Amino acid sequence: MYTRRIFPIKVVLKWTRRSILMFLILATIPVILFDILGMKWLHVPWLPLGVLGTAVAFLIGFKNNASYDRLWEARKIWGGIVNTSRSWTIMVKDFINNDHAKEKLSDSDLHNIHKELVHRHVAWLTALRYQMRVNKPWEQLMTQKSNTEFKDSYFLVCEDTIPIEEAIKPYISDNEYKEIFAKGNRASQLLGIQSRRLKELKQDGLVEDFRHMEMANVLVEFYTLQGQSERIKNFPYPRQFATLNYMFVWIFIILLPFGIMAGFETIGHDIQEDLAQHASRTSWGHLLQEFIAKHFVWFSIPFSALVAWVFHTMEKIGENTENPFEGGPNDVPITDLSRGIEIDIRQLIDDTDIPAPYDWKNDIVM
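These figures come from a predicted structure and were not determined experimentally.

Assigned secondary structure in the protein chain consists of 14 helices and 0 strands. When its helices and strands are written in sequence order, the protein chain yields α-α-α-α-α-α-α-α-α-α-α-α-α-α. Scaling as 2.2 N^0.38, a compact globule of 366 residues should have a C-alpha radius of gyration of about 21 Å, whereas the protein chain reaches 30 Å, well beyond that. With respect to the principal axes defined by its C-alpha atoms, the protein chain has extents near 110 × 35 × 30 Å. Sorting the 366 residues of the protein chain into buried and exposed places 45% on the buried side. Counted over contacts in the protein chain with a minimum sequence separation of 6, partners at least 24 positions apart contribute 82%. Counting only carbon and sulfur atoms, one obtains 61% of the accessible surface of the protein chain, whose full area is about 19,100 Å².

Our focus in this paragraph is helix H11 (residues 239-275). Counted at 1.5 Å a residue, the expected span for H11 with its 37 residues is 54 Å, and the 54 Å between its end C-alpha atoms agrees. At Leu255, H11 shows its maximal bend, which comes to roughly 35°, and the proline Pro257 appears one to four places after that position.

This next bit is on the nonpolar core. For soluble globular proteins, nonpolar side chains are generally found buried alongside one another. One finds Trp78, Ile81, Trp88, Ile96, Trp124, Met215 and Phe325 to be the most contacted residues of the largest nonpolar core, which totals 51 residues. Listed by contribution, the elements that provide at least two residues to this core are helix H3 (46-95), helix H4 (107-133), helix H7 (164-168), helix H8 (174-181), helix H9 (186-203), helix H10 (209-234) and helix H14 (334-348). Not counting the four nearest positions on each side in its chain, Trp88 is found in contact with Leu117, His121, Gln194, Leu198, Met215, Val218, Leu219 and Phe222. Trp250, Phe264, Phe296 and Ala308 belong to the second-largest nonpolar core, a separate cluster that totals 15 residues.

Following the criterion strictly, the structure yields 21 salt bridges and no others. Between Arg86 and Asp344 there is a salt bridge; the shortest N-O distance is 2.6 Å. One end of the pair, Arg86, is in helix H3; the other, Asp344, is in helix H14, with 258 residues separating them in the sequence. Judged by relative accessible area, which is 26%, Asp344 ranks as partly exposed. The shortest N-O distance in the salt bridge between Glu319 and Lys316 comes to 3.5 Å. Of this pair, Glu319 and Lys316 both sit in helix H13 (residues 300-321), 3 residues apart, which is roughly one turn of that helix. Judged by its relative accessible area of 18%, Glu319 falls in the buried class.

In the contact formed by H3 and H14, the axes pass within 10 Å of each other and the chain directions differ by 15°. When the axis of H3 is compared with that of H14, the two are roughly parallel. Note on packing geometry: the crossing formed by H3 with H14 is right-handed. Judged by residue contacts, Arg75, Trp78, Ile81, Val82, Ser85, Arg86, Thr89, Ile90 and Lys93 of H3 engage Ile334, Leu337, Ser338, Ile341, Asp344, Ile345 and Leu348 from H14.

Now for the packing of H4 against H14. One can describe the packing of H4 onto H14 by two numbers: an axis separation of 10 Å at closest approach and a directional angle of 180°. With respect to H14, the axis of H4 lies roughly antiparallel. Judged by residue contacts, Val118, His119, His121, Val122, Leu125, Arg129, Met132 and Arg133 of H4 engage Ile334, Thr335, Ser338, Ile341, Glu342, Ile345 and Arg346 from H14. Classifying every residue of the contact of H4 with H14 gives 7 nonpolar, 4 polar and 4 charged.

Summarising the element assignment, Phe291 is placed in helix H12 (residues 284-294). The exposed category is assigned to Phe291, whose relative accessible area is 53%. For the pair Phe291 and Ile9, spaced 282 residues apart in the sequence, the C-alpha separation amounts to 34 Å.

Attention now moves to a nonpolar patch on the surface. On the surface, Leu59, Leu244, Tyr246, Met247, Phe248, Ile251 and Leu255 cluster together into a nonpolar patch covering about 560 Å² of accessible area. It is H11 that provides the largest number of residues to the nonpolar patch, a total of 6 residues. For Ile251, the position within the fold is in helix H11. Residue classification places Ile251 among the partly exposed residues on the basis of a relative accessible area of 39%.

The rules we used
Residues numbered from 1 in each chain as written. Predicted model: local features only at pLDDT ≥ 70, side-chain atom pairs only at ≥ 80, totals over all residues. Heavy atoms only, no water. Helix = DSSP H or I, 4+ residues; strand = E, 2+ residues; numbered from the N terminus. Rg over C-alpha atoms; globule rule 2.2 N^0.38 Å. Buried < 20%, exposed > 50% of the residue type's maximum accessible area, 1.4 Å probe, protein only. Contact = heavy atoms within 4.5 Å. Areas by Shrake-Rupley, 256 points an atom, 1.4 Å probe, with all protein chains shown as cover. Expected span 1.5 Å × (residues − 1). Bend = angle between axes of the 7 residues up to and from the residue. Core = buried A, V, L, I, M, F, W, Y, C linked by side-chain atoms within 4.5 Å. Salt bridge = Lys/Arg side-chain N within 4 Å of Asp/Glu carboxyl O. Axes fitted to C-alpha atoms, helices over the stretch in contact; angles between N-to-C directions. Parallel < 35°, antiparallel > 145°, perpendicular 65-115°, else oblique. Left-handed = near helix turned anticlockwise from the far one by under 90°. Nonpolar A, V, L, I, M, F, W, Y, C, P; charged D, E, K, R; others polar. Patch = residues over 30% accessible without salt bridge, like charges linked within 9 Å, V, L, I, M, F, W, Y side chains within 5 Å.

Written out as structure tokens, the structure reads:
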């Protein structure tokens, strides 16, 4: 997640510089054929090209809206995880006590139980965010050269540098560690262990029936939130829309120079007619304007590249937004949210050795 008010234009230009070079080349080739080689028939009427551009603009807008909806839904889900984690912690702190215990425990033993349940919840958060960072077959953006260069220069994905085993190990026992890594969905297994432990506490009288039911409902809510995250992660933006939208954008970009050239040549002819009315035709100013007017079609190259850059960049923005857990700079910052939750809930139970917030660089929070 980028946190500054405005994304620096130099970063955008650096990110898209290869595309800009490609657009300039694609715009230059038709002008060479048109102006130097004399292929004056080599142009496309603007009317059908304008209709195509309008259709492509609608498709890009539809894709970007759908991509933003996926991003915003993911953010709401993790906002729910933040709130429910706090609710779980105060329930652990206040509901688990000696009021109905078969054997009274010391304050230290009760605190250790609170710590155990909260730490296991942190392990669940850790397992879930690691599962969200695992790349799916359709998530290949961060392997593209421009994105890889941007990632190496501007931000770091913690899940790519710290193994999940090392990240989870401090929060659970050795038996639980072996149990969850022997099965597939580690986050689900941790919630299962949490439920099993809650049942044991109920049997020992440390949680009475009604409070046990309330805490079990919170665990169900965690399962619901996890499932919602997995739904976004495991179901991509429909590939038929993404693929055809990409193809239509490139068809428009390739045809765009052929539709602009004739218009710029017409402007050049109009300038030449105006220059013909000048009293003096030998001054350097007149000769320069005459040269420019004669080759005015070459100005179509930067304008064509600019229009192509706008369409292509907007399409790329939608593509970079459609997978909010992939590990890109515009994703939901689940790593930072998880660390924030950990700090918050461990402080609620007066825990020790609480980690510091992440120190993010270049205004990009992951």
